[in-house]
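# Structure assessment
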Amino acid sequence: MIFYNIIKQIRLFRLKNKEPYLSLYKMLGFCPTQIELYQQAFVHCSITPKQYGKDSNNERLEFLGDAVLDAVIADIVFHHFPHRREGFLTNTRSKIVKRETMNQVALELGIDEKMVAMPYAAMHHKYMYGNALEALIGAIYLDKGYKYCLKFVESKIIDRFILLDKLANQEVNFKSRLLEWSAKMHLTTEFEVTDERYDEVGKPLFRSKVMIGGATLAVGTGCTKKESQQRAAKKVLFKIRNDDKYAQKLVDERAIKN
């Protein structure tokens, strides 16, 4: 099998149009076979079939890659933390695959340089590169299978950009932490989605506010309701933890109302 793969790589490098294979080899650590899958992974939905000359962007590959990435990260985390409970493993996986992390990793890998997208796309779709990374993983899965996906994520993402032990101890569920703090202080905290709309290519955008004692304290936006609420909660937690007077004011206002 190893000999067969070496022969296949030699044949690929002897192709006349070998540049896309060479650049992908540098990014992936192996030579692709179905090059069209990888090229499709970098086509954003802002590009129409007429502009690209083909009938597919990377959305279907992103769907597949998202599921494969979840499985691969679960596999890695499961074996890296052999004695931790399910809740810890789930939270750690969530921290790794969250949009901000994947988008930053995609930039480090140079995916932004390969994207085929309209000029405005990056402004309106700030996770465009992370989505393309998921599409790339979907392409690897279709072209090479699960083992190659696992190896790519381990060697090109986890080993280079993510410190698993450090990341596992970082807080991620800001909404839960804020609710815990509120309950401890006998405060009523509520979250409300205030706006739901779609951008020019049909992607959902949500805006949520967090209220304590009926007063709006922060607003967050995101591609999902959960993400918008997490961002709003994060803003309030930051104020509470960095400004003692702010936290005391919330408690005092509750006492006055009662």
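Preceding this paragraph is the structure being described.
Everything quoted here is computed from the prediction, not taken from an experiment.

Another aspect to go through is unusual backbone geometry. With phi around 60°, His-186 is a residue other than glycine that occupies positive phi space. Summarising the element assignment, His-186 is placed in the loop between helix H12 (174-184) and strand S1 (189-198). Judged by its relative accessible area of 60%, His-186 falls in the exposed class.

All right, on to the pattern of salt bridges then. Applying the stated criterion across every chain, the model contains 4 salt bridges. In this structure, the salt-bridge partner of Glu-100 is Arg-231, at a minimum N-O distance of 3.0 Å. With Glu-100 in helix H7 (residues 99-109) and Arg-231 in helix H13 (residues 225-242), this residue pair connects regions lying 131 residues apart in the sequence. On the accessibility criterion, Arg-231 (18% relative accessible area) is buried.

To continue, consider the packing of H12 against H13. Each pair of packed helices can be described by the angle between their axes along with the distance between the axes. Look at H12 against H13: their axes get within 8 Å of each other, and the N-to-C directions meet at 50°. Between H12 and H13, the crossing angle belongs to the class labelled oblique. In terms of crossing hand, the pair formed by H12 and H13 is left-handed. Counted together, Phe-174, Lys-175, Arg-177, Leu-178 and Trp-181 of H12 and Gln-229, Gln-230, Ala-233, Lys-234, Val-236, Leu-237, Ile-240 and Arg-241 of H13 form the full contact between these two elements.

Attention now goes to the packing of aromatic side chains. Enumeration according to the criterion identifies 2 aromatic pairs in this entry. A centroid spacing of 5.0 Å and a plane angle of 80° characterise the contact between Phe-30 and Tyr-148, whose relative ring orientation is edge-to-face. Of this pair, Phe-30 sits in the loop between helix H2 (19-28) and helix H3 (35-41) while Tyr-148 sits in helix H10 (residues 146-161); the two residues are 118 residues apart in sequence, bridging distant segments of the chain. A ring pair is formed by Phe-81 and Phe-88, whose centres lie 5.1 Å apart and whose planes are at 80°; its orientation type is edge-to-face.

What counts as what
- Residues numbered from 1 in each chain as written.
- Predicted model: local features only at pLDDT ≥ 70, side-chain atom pairs only at ≥ 80, totals over all residues.
- Heavy atoms only, no water.
- Helix = DSSP H or I, 4+ residues; strand = E, 2+ residues; numbered from the N terminus.
- Buried < 20%, exposed > 50% of the residue type's maximum accessible area, 1.4 Å probe, protein only.
- Salt bridge = Lys/Arg side-chain N within 4 Å of Asp/Glu carboxyl O.
- Axes fitted to C-alpha atoms, helices over the stretch in contact; angles between N-to-C directions.
- Parallel < 35°, antiparallel > 145°, perpendicular 65-115°, else oblique.
- Left-handed = near helix turned anticlockwise from the far one by under 90°.
- Contact = heavy atoms within 4.5 Å.
- Phe/Tyr/Trp six-rings, centres within 6.5 Å; stacked < 30°, edge-to-face > 60°.

Function cannot be read off these values alone, since they describe shape.
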